[in-house]
Amino acid sequence: MHEVGSPGPSAPGDYWWRSAAIYQLYVRSFADGNGDGIGDLAGVRTRLSYLAGLGIDAIWFNPWYPSPMSDAGYDISDYRSIDPVFGTLADADALIAEAHAAGIRIIIDVVPNHCSDQHPWFQAALSAAPGSAERARFWFRPGRGRGGELPPNGWQSIFGGPAWTRVTERDGRPGEWYLHLFAPEQPDFNWANPDVRAEFEEVLRFWFERGADGIRIDSAGMITKDASLPEVSIDAPSGPHHPYADRDDVHEVYRQWRAVADEYPDRVLIGEVWIPDAVRLARYVSPGELHTVFNFPYLSCPWNAPALREVIDSTLALNGPVGAPATWVLSNHDVDRIVSRYGRTDTSFSLQQRAYFHSLPVDLQLGTRRARAAALLTLALPGSVYVYQGEEIGLWEVQDIPDELRQDPIWRRTRGADPGRDGSRVPLPWSGQEPPFGFSPPGAASEPWLPQPKEWRELSVEAENGQAGSMLELYRSALRLRRAEPALGDDSMTWVPSAEGVLAFDRDASVRCVSNLSAASVALPGHCAVILASDPLDGGMLPPDTTVWLRTEPQD
Ligand code: NOJ
Ligand code: CA
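Being a predicted model, the structure only gives us computed values, none of them experimental. (Residues numbered from 1 in each chain as written. Chains lettered and ligands numbered in written order. Predicted model: local features only at pLDDT ≥ 70, side-chain atom pairs only at ≥ 80, totals over all residues. Heavy atoms only, no water.)

1. Considerations on the packing of helix H12 (residues 364-380) against helix H15 (residues 471-484)
At a minimum axis separation of 10 Å, H12 and H15 run at an interaxial angle of 10 degrees. By the criterion of interaxial angle, the relationship of H12 to H15 is roughly parallel. Along the contact surface, H12 presents Thr368, Ala371, Arg372, Ala375, Leu376 and Leu379, while H15 presents Met471, Leu474, Tyr475, Ala478, Leu479 and Arg482. Along the lines of polarity and charge, the residues of the contact of H12 with H15 split into nine nonpolar, one polar and two charged. (Axes fitted to C-alpha atoms, helices over the stretch in contact; angles between N-to-C directions. Helix = DSSP H or I, 4+ residues; strand = E, 2+ residues; numbered from the N terminus. Parallel < 35°, antiparallel > 145°, perpendicular 65-115°, else oblique. Contact = heavy atoms within 4.5 Å. Nonpolar A, V, L, I, M, F, W, Y, C, P; charged D, E, K, R; others polar.)

Have a look at this one:
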């Protein structure tokens, strides 16, 4: 791991991203500098010392570009600037410089599958004629039916409803349709078009030149399409025969992106690829392509020892041979917060079943205990790790946001059948006894863009700061130890025999991690010191839903 100070170039074999702890910062909900109720870059700048003190190595920013915000910034109208609600390009430059000075690297989000319907290219396509070069950058097609009144095919949007919207042509008549795998405000680019490829290479260079250390690639597996646009059933397996999910030709694009990243020292490309086929997932991180991908099987895995062990084994088995480090992710801005998940009777997660998960009762105390144990388990695994903002203070999913305040297009487009993702995006509580809990400055003109539960007064950074046994202090200790301890971070692990429901593994000969996911206390294995425990130990016993890091050999 690098020292605090300027993130200088890493030695070969010691690449920062192989073991980094990466903090996912959802700008809208992190800290509001100007009191309009929406987080911004000025707010982030005032909290950089908090992040440096937390002990993270890099920040991944969700999209910060100009956007009509139809999908919280994942609908970009200008890839080379900052949305005024978040600040200016000068603010981003200053933030990058300040983060670097604090030893924190910056990863930004790039969205190549689609842009905003307000992007100049899409606006130009709307004003241009069918068959024009402007339309060829997207997927415009005539409709089916006698008057073209039916969409070109039956593809459904991932956010609900049809994946096609009909446009009005210049003569005022209904005309062609365009493809949007997400919301209608997010038209899909045509990646067979050379303009699109060239443009994104320039966008990457633009941000690398400004000091971005990495790029998180949104919906990375979906960008290329079968131009014959065949029908596909909802449960068709992703892969080479799917018209848009994980097609083989996507890899050409990322080999090219890797060449661009390699023009700069020490940059990293991270793919957001939600595919169930682990063998095909490994192709994205094969030599000459992306550096890492998010580990969604781990994120979706229930709090269950054999299931977790299987995911850990398959992750390492697939990454190892291609030379890529594993990544470990417990949650993000698209899924339910981990405390709520682990407090349910069903602790798994899937994007397609959010309504079902929200219908289950939640035991927050149990969920918090498990989330603590999961944090230490996760931070002990080999590879890099993500911490989604708020995880470090134990926030839970806010499931009771009033309907009229919900913002997620998933909620609207499914007409409420899917509660959407707002509950994981509620602004952070920093201090004080009442909302906005220091999220906005005193006397702010507007309330936070989503309401904060009053109970979060107990979970604020101020409330947890310095409190032994708080989630925040657990994360601080674990991140500090992980950074200082040579056995943790990148490299290998070895399972050691353990009782049923217990996960125990060694990181070299000196550090052992033991997680008890069973319902009964188990005896601690022999050790010379306890490094850190997620909850108090019971003499020589490890209580249920507890993880401990043990030193098994005396230190020099
Ligand atoms: C994945 C992002 O994480 C999600 O928030 C977004 O809605 C979709 N991609 C579409 O860009
Ligand atoms: Ca603001």
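2. Here we look at the site of ligand 1
Lining the immediate surroundings of ligand 1 are 13 residues, of which Asp71, Asp218, His333, Asp334 and Arg421 lie closest. With respect to ligand 1, the side chain of aspartate 71 contributes an N or O atom lying 2.6 Å from an oxygen atom. Histidine 333 has a polar side-chain atom sitting 2.8 Å from an oxygen atom of ligand 1. In isolation ligand 1 exposes 290 Å². Once the protein is present, 97% of that is buried. Classifying every residue of the shell around ligand 1 gives three nonpolar, three polar and seven charged. (Near = heavy atom within 4 Å. Polar contact = N/O pair within 3.5 Å; in protein donor to acceptor, adjacent residues only side chain to side chain. Areas by Shrake-Rupley, 256 points an atom, 1.4 Å probe, with all protein chains shown as cover.)

3. Brief notes about the coordination of the calcium ion (ligand 2)
Taken together, the protein donors to the calcium ion (ligand 2) comprise Asp32 (OD), Asn34 (OD1), Asp36 (OD), Ile38 (O) and Asp40 (OD), at separations of 2.3 to 2.4 Å. All donors to the calcium ion (ligand 2) come from one chain, and their sequence spacing reads D-x1-N-x1-D-x1-I-x1-D. What makes asparagine 34 exposed here is its relative accessible area of 52%. Judged by its relative accessible area of 26%, aspartate 36 is partly exposed. (Donors = N, O, S within 2.8 Å, 3.2 Å for Na, K, Ca; no water. Buried < 20%, exposed > 50% of the residue type's maximum accessible area, 1.4 Å probe, protein only.)

4. Details of the sheet that holds strand S6 (residues 174-179)
The sheet built from three strands is open, its strands ordered S4-S6-S5 with antiparallel pairing. In the strand order of this sheet, the two ends are held by strand S4 (140-141) and strand S5 (164-168), each with one partner. Relative to S6, S4 runs antiparallel, the two being bridged by two bridges. By the bridge assignment, arginine 141 is partnered in S6 with tryptophan 177. (Pairing = 2+ DSSP bridges.)

5. Overview of the packing of aromatic side chains
Under the defined criterion, the tally for this structure stands at 35 aromatic pairs. Ring geometry for phenylalanine 122 versus phenylalanine 138: centroids 5.1 Å apart, planes at 80 degrees, classification edge-to-face. Here phenylalanine 122, found in helix H4 (residues 120-127), pairs with phenylalanine 138, found in the loop between H4 and S4; they are 16 residues apart in sequence, far enough to count as distant. Seen from their ring centres, tyrosine 254 and tryptophan 257 are 5.5 Å apart, and the 90 degrees between their planes marks the pair as edge-to-face. Here the residue tyrosine 254 and the residue tryptophan 257 both occupy positions in helix H6 (residues 250-261), the gap between them amounting to three residues, near one helical turn. (Phe/Tyr/Trp six-rings, centres within 6.5 Å; stacked < 30°, edge-to-face > 60°.)

6. A closer look at the nonpolar core
Within the largest apolar cluster, 147 residues are counted, with the highest numbers of intra-cluster contacts made by Tyr23, Leu51, Trp64, Tyr254 and Trp257. Per-element accounting of this core gives the leading share, eight residues, to H12. With 15 residues, the next largest nonpolar core counts Trp155, Ala163, Leu181 and Tyr244 among its residues. (Core = buried A, V, L, I, M, F, W, Y, C linked by side-chain atoms within 4.5 Å.)

7. Quick word on the pairing of strand S7 (residues 214-217)
Of the two faces of S7, the one lined by Gly214 and Arg216 and the one lined by Ile215 and Ile217 are each fully buried. Of the pairings in the sheet, the one linking S7 to strand S8 (residues 268-271) comprises four bridges and is parallel in character. From the neighbouring strand, arginine 216 faces S8, where its bridge partner is isoleucine 270. Each parallel crossover has a hand, and for S7 linked through H6 to S8 it is right-handed. (Right-handed = clockwise from strand over helix to strand, strands pointing away.)

8. So, helix H3 (residues 89-101)
For H3, with 13 residues, the first-to-last C-alpha span of 18 Å sits near the 18 Å given by 1.5 Å per residue. Regarding H3, the residues found buried are Ala92, Leu95, Ile96, Ala99 and His100. End-on view of H3: buried residues confined to an arc of 130 degrees, all on one side of the axis. The outward face of H3, more than 90 degrees from its buried face, is lined by the exposed residues Ala90 and Ala101. Tucked inside the fold, the buried residues of H3 contact helix H1 (41-46), helix H2 (48-54), strand S2 (58-61) and strand S3 (105-110). Of the residues trailing H3, glycine 103 is marked for its positive phi of about 80 degrees. (Expected span 1.5 Å × (residues − 1). Arc of directions from axis to C-beta.)

9. With respect to the side chain of serine 29
Mapped onto the elements, serine 29 comes out in the loop between strand S1 (21-25) and H1. In terms of polar contacts, serine 29 uses its side chain to reach the backbone carbonyl oxygen of arginine 425, at 2.5 Å. Discounting residues that sit within four places of it in the chain, serine 29 has contacts with Gly39, Gln389, Arg425, Val426, Pro427, Leu428, Phe439 and Trp449.

10. What to know about the pattern of salt bridges
This model, assessed by the stated rule, comprises 40 salt bridges. The partner of arginine 280 in a salt bridge is aspartate 248, with the nearest N and O atoms 2.7 Å apart. With arginine 280 in helix H7 (residues 278-283) and aspartate 248 in the loop between S7 and H6, this residue pair connects regions lying 32 residues apart in the sequence. Residue arginine 280 is classed as buried on the basis of its relative accessible area, which comes to 11%. Look at aspartate 248 and you get partly exposed, because its relative accessible area is 35%. The residue aspartate 334 makes a salt bridge to arginine 425 at a minimum N-O spacing of 3.2 Å. With a gap of 91 residues between them, aspartate 334 in the loop between strand S10 (327-329) and helix H10 (338-342) and arginine 425 in the loop between helix H13 (409-413) and helix H14 (461-464) connect regions that are remote in the sequence. On the basis of relative accessible area, arginine 425 is assigned to the buried category, the value being 4%. One continuous salt-bridge network, built from bridges that share partners, spans Asp71, Asp334, Asp408, Arg421 and Arg425. (Salt bridge = Lys/Arg side-chain N within 4 Å of Asp/Glu carboxyl O.)

11. Overview of the state of the cysteines
Any covalent bond linking the sulfur atoms of two cysteines counts as a disulfide. Under the defined criterion, the tally for this structure stands at zero disulfides. Cysteine 301 provides the cysteine sulfur closest to cysteine 513, a residue in no disulfide bond, and the two sulfurs are 15 Å apart. (Disulfide = S-S within 2.5 Å.)

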